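Descriptive analysis of the structure
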Amino acid sequence: MSKELDQTDRRIVEILEAQGRTSLADIGKEVGLSGPAVGERLRGLQDRGFVVGFGARLDLRRLGYTIQALVRIKPRSGQLHTVENMIREEPRFTSCDRVTGDDCYVARLLLKDVAELDDILLPFHDRAETNTSIVKSFVFENRLPPLD
C-alpha cells in the first residue's frame with residue numbers, strides 16, 4: 001500500500017507529522033506546489049485512507065500527569081473479556097495492545113502520583129496478574145516508519 005505514496009505525498013506527511021499546524025501554503029513552498037494543490041493532495045491522502053485524522057499533542061506534565069507506567073496484564077482463566085472492559089473503562093490507560101507471550105495486554109497508564117497505582121490496579125487483582133514498570137524517560141515517541 002505504501003507504494004501508492006509518491007515522493008511529494010511522503011514529504012507532505014512528514015511535514016504534517018513534524019508540525020501539524022503548518023499552513024498548506026508553507027507546505028507547498030517546501031514541496032514545490034501551490035497551497036491549493038497541497039490541499040488536494042491531502043484530501044486524496046485522506047480519501048485513500050493514508051491520513052486518518054489530525055490531532056493535538058499535549059504536554060501531559062502540564063496537565064499534572066508526571067508519571068507514566070507500562071502495565072503488563074495477564075487475565076486469570078475466564079476473565080479475559082472482563083479485564084479488557086476494565087482497561088477500556090479506566091481513562092488513565094491511554095493505550096493498550098493485545099499481545100502474544102505470557103501477558104495478554106500491555107497498557108500505558110498516566111499517573112499524577114505513584115500512589116494512584118494501588119487505586120487503579122487493585123480492582124484488577126481478583127481477575128488478573130499485573131506487572132508494572134515506571135517509565136523513566138523517552139528515547140523517542142510516535143515516530144513515523146519509513147514511508148517508501
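Here the structure is shown first, and the text comes after it.
Model, not experiment: these values are computed from the prediction.

**Concerning the layout of surface pockets**
Considering only enclosed or pocket space, the largest pocket measures out at about 1400 Å³ in volume. Those elements that provide at least two residues to the lining of the largest pocket are helix H1 (7-18), strand S1 (67-75), strand S2 (93-98) and strand S3 (105-111). Residues of the lining of the largest pocket, tallied by class, amount to 24 nonpolar, 10 polar and nine charged.

**What to know about unusual backbone geometry**
Positive phi values are uncommon outside glycine, yet Asn142 reaches one of about 40 degrees. With respect to the secondary-structure elements, Asn142 resides in the segment after strand S4 (128-134).

**So, the nonpolar core**
One finds Ile73, Phe93 and Leu109 to be the most contacted residues of the largest nonpolar core, which totals 17 residues. Elements that contribute at least two residues to this core include exactly S1, helix H4 (80-89), S3 and helix H5 (116-121). Excluding residues that lie within four positions of it along the chain, Phe93 makes contacts with Val71, Ile73, Ile87, Ala107, Arg108, Leu109, Ile120, Leu121 and Phe124. Counting residues in hydrophobic clusters, the runner-up holds 12 residues, among them Val13, Val31, Leu45 and Leu147.

**Concerning the side chain of Asp9**
Within the secondary structure, Asp9 sits in helix H1. With near-sequence residues (within four places) excluded, Asp9 lies in contact with Glu4, Arg41, Leu45 and Arg48.

About the thresholds
Counting restarts for each chain, with residues numbered from 1 along the sequence as it is written. A pLDDT threshold of at least 70 governs which residues receive local features in this predicted model, and a stricter bar of 80 or more applies before side-chain atom pairs are shown or counted, although totals over entire chains, interfaces and linings include all residues. The basis for the side-chain values is all heavy atoms of the structure; hydrogens and waters are excluded. Computed over the protein atoms alone on a 1 Å grid, cavities are sets of points where a 1.4 Å probe fits but cannot get out and pockets are open sets with protein on both sides within 12 Å along at least five of seven lines; a residue lines them when it has an atom within 4 Å of a point. Grid points are joined across faces, edges and corners, and a volume is the space filled by probe spheres set on the points. Helix and strand definitions here come from DSSP, where helices need a minimum of 4 consecutive H or I residues and strands a minimum of 2 consecutive E residues; each element is numbered from the N-terminal end. Just so you know the grouping, Ala, Val, Leu, Ile, Met, Phe, Trp, Tyr, Cys and Pro go in nonpolar, Asp, Glu, Lys and Arg go in charged, and all remaining residues, Gly too, go in polar. Think of a nonpolar core as a cluster: buried Ala, Val, Leu, Ile, Met, Phe, Trp, Tyr and Cys residues, connected wherever their side-chain atoms sit within 4.5 Å. In this scheme, a residue with accessible area under 20% of its type's maximum is buried, one over 50% is exposed, and one in between is partly exposed, where area comes from a 1.4 Å probe on protein chains only. Here, two residues are considered to be in contact whenever any of their heavy atoms come within 4.5 Å of each other.

The values are spatial; any link to function lies outside them.
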